[in-house]
Amino acid sequence: MKKYLLLTLLLAAAISMYAQDIFIVKGQIEFEKRVHFIANIDDIYKKDDDNGGGFDFINSIKKQLPEWKTSYFNLYFDGNKTLYEPGREVTIAGPKGPDWFNDPAQDNVVYCNLDSKQSVSQKSVFDSKFLLADSLRKAKWKITNDSRDIAGFNCRKATTIINDSVFVVAFYTDQILTTGGPESFNGLPGMILGLAIPRLHTTWFATKVEMTTPSAGTLTPPVKGKKATNADLGVKLQSVFKDAWNKKYAQHAQWMIEL
């Protein structure tokens, strides 16, 4: 009896050790994206900056809006290919606010080939849809010793700067070997399961990871939109926003679009 008990304990220990060493190479991740609506409005529409009484109008609308806007995105991955796209819809009760309050990155589709270091993104920019083919974002990540649990995975913290001044915090797990993440973020030693951009009051955190094999047609680049590069889009946005009455809104919108 003791021999059987010892064998059972050794087998359980071996299974536990094996489980800890499992590395995932394909699957589907659901991300919950949260935007602090009111904080962004407060940043963009300052009373001290208002010259035409518009602040009172903004403040009256703000009282009718939810504090947070929540949306969901799916990230499919298989080896070194990823596809990020809108996921399940969220039913919002009450007023949604004018269209110009909406997040310009609310329907982004981003395909990445991590081997060739190329991406294809489909982005709606106001009334136009762009198809952006370009190289992957090159971020200089600084990995720290801080960590947190996200969707059951131990994730390590890293930070970087984008657009010259926008601070980004990411949490990645090396248990998922694909080095991708939400939007066009990548380049860490594993999958990014958490992302925060304090200046945009926006976060992306994985709610679940499913170890499934994406269908053959899932991991394909988007095809709709006006073809351009990221640099082309940047020039276009600068032209559109150069005469904007609110420069803070223009800068905030451009940062969101260029994610």
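Residues numbered from 1 in each chain as written. Predicted model: local features only at pLDDT ≥ 70, side-chain atom pairs only at ≥ 80, totals over all residues. Heavy atoms only, no water.

Novice: Whenever I open this one, the confidence of the model for the chain confuses me. Can you help?
Specialist: Residues shown with low pLDDT carry predicted positions that ought not to be read at fine detail. Residue-level pLDDT values for the chain average 84, and 82% of them are 70 or greater. Contacts of residues 9-20 to residues separated by more than four positions or lying in other chains number one contact, the stretch itself having pLDDT below 50. (pLDDT = per-residue confidence, 0-100. Contact = heavy atoms within 4.5 Å.)

Novice: Would you explain the side chain of Thr 178 in this entry?
Specialist: Considering the arrangement of structural elements, one finds Thr 178 in the loop between strand S9 (166-173) and strand S10 (191-197). Judged by relative accessible area, Thr 178 falls into the buried class, the value being 1%. Here Gly 79 takes part through its backbone oxygen, which lies 2.6 Å from a polar atom of the side chain of Thr 178. Among residues more than four places away in sequence, those in contact with Thr 178 are Ile 24, Val 25, Phe 77, Gly 79, Thr 82, Leu 114, Gly 190 and Met 191. (Helix = DSSP H or I, 4+ residues; strand = E, 2+ residues; numbered from the N terminus. Buried < 20%, exposed > 50% of the residue type's maximum accessible area, 1.4 Å probe, protein only. Polar contact = N/O pair within 3.5 Å; in protein donor to acceptor, adjacent residues only side chain to side chain.)

Novice: What is the right way to look at the packing of aromatic side chains in this model?
Specialist: Given two aromatic rings, their pairing is described by the distance between the two centres and the angle made by the two planes. Overall, the coordinates contain one aromatic pair when judged by the stated rule. A centroid spacing of 4.8 Å and a plane angle of 5° characterise the contact between Phe 73 and Tyr 84, whose relative ring orientation is stacked. With Phe 73 in strand S2 (residues 68-78) and Tyr 84 in strand S3 (residues 81-86), this pair connects stretches of sequence that are 11 residues apart. For Phe 73, a relative accessible area of 0% translates into the label buried. (Phe/Tyr/Trp six-rings, centres within 6.5 Å; stacked < 30°, edge-to-face > 60°.)

Novice: Teacher, can you tell me more about the pattern of salt bridges here?
Specialist: Pairs can form between side chains of opposite charge whenever their charged atoms are close. Scanning the model with the defined rule gives two salt bridges in all. Linking Lys 208 and Glu 210 is a salt bridge whose minimum nitrogen-to-oxygen distance equals 3.6 Å. What makes Lys 208 partly exposed here is its relative accessible area of 41%. Judged by relative accessible area, which is 28%, Glu 210 ranks as partly exposed. (Salt bridge = Lys/Arg side-chain N within 4 Å of Asp/Glu carboxyl O.)

Novice: Is there a simple way to think about the packing of helix H2 (residues 37-44) against helix H5 (residues 247-257) in this case?
Specialist: Each packed pair of helices is defined by two parameters, the angle between the axes and the distance between the axes. Two elements in contact, H2 and H5, have axes whose closest approach is 8 Å; the angle formed by their N-to-C orientations is 135°. What the angle tells us is that H2 and H5 run oblique. On H5, the residues that touch Asn 40, Asp 43 and Ile 44 of H2 are Lys 248, Tyr 249 and His 252. (Axes fitted to C-alpha atoms, helices over the stretch in contact; angles between N-to-C directions. Parallel < 35°, antiparallel > 145°, perpendicular 65-115°, else oblique.)

Novice: Quick question: what am I supposed to make of the nonpolar core here?
Specialist: Soluble globular proteins tend to bury their nonpolar side chains together. Grouped together as the largest cluster of nonpolar side chains are 39 residues, with contacts concentrated most on Ile 29, Ile 176, Phe 185 and Leu 193. Elements supplying a minimum of two residues to this core: strand S1 (26-36), S2, strand S4 (109-113), strand S8 (153-162), S9, S10, strand S11 (202-210) and H5. Setting aside its immediate chain neighbours within four residues, Ile 29 contacts Phe 73, Asn 74, Leu 75, Phe 77, Ile 176, Met 191, Leu 193, Ala 206, Lys 208 and Val 209. Among the nonpolar cores identified, the runner-up in size contains 10 residues, and Phe 130, Leu 132, Leu 237 and Ala 250 belong to it. (Core = buried A, V, L, I, M, F, W, Y, C linked by side-chain atoms within 4.5 Å.)

Novice: Help me understand the sheet that holds S9 in this model?
Specialist: The strands that make up a sheet are held in pairs by hydrogen bonds between backbone atoms, and each pair lies either parallel or antiparallel. Read from one edge of the open sheet, 12 strands run S7-S8-S9-S10-S11-S1-S2-S3-S4-S5-S6-S12, paired in mixed fashion. Each edge of the open sheet is held by one strand with a lone partner, namely strand S7 (142-150) and strand S12 (226-228). Each neighbouring strand pair of the sheet contributes to a mean axis angle of 25°, computed without reference to strand direction. Inspection of the sheet shows S10 paired to S11 by four bridges, in the antiparallel sense. What sits directly across from Ile 197, in S11, is Thr 202. Of the strands in this sheet, strand S5 (118-125), strand S6 (128-135) and S12 touch helix H4 (residues 230-241), which is tilted by about 140° from S6. (Pairing = 2+ DSSP bridges.)

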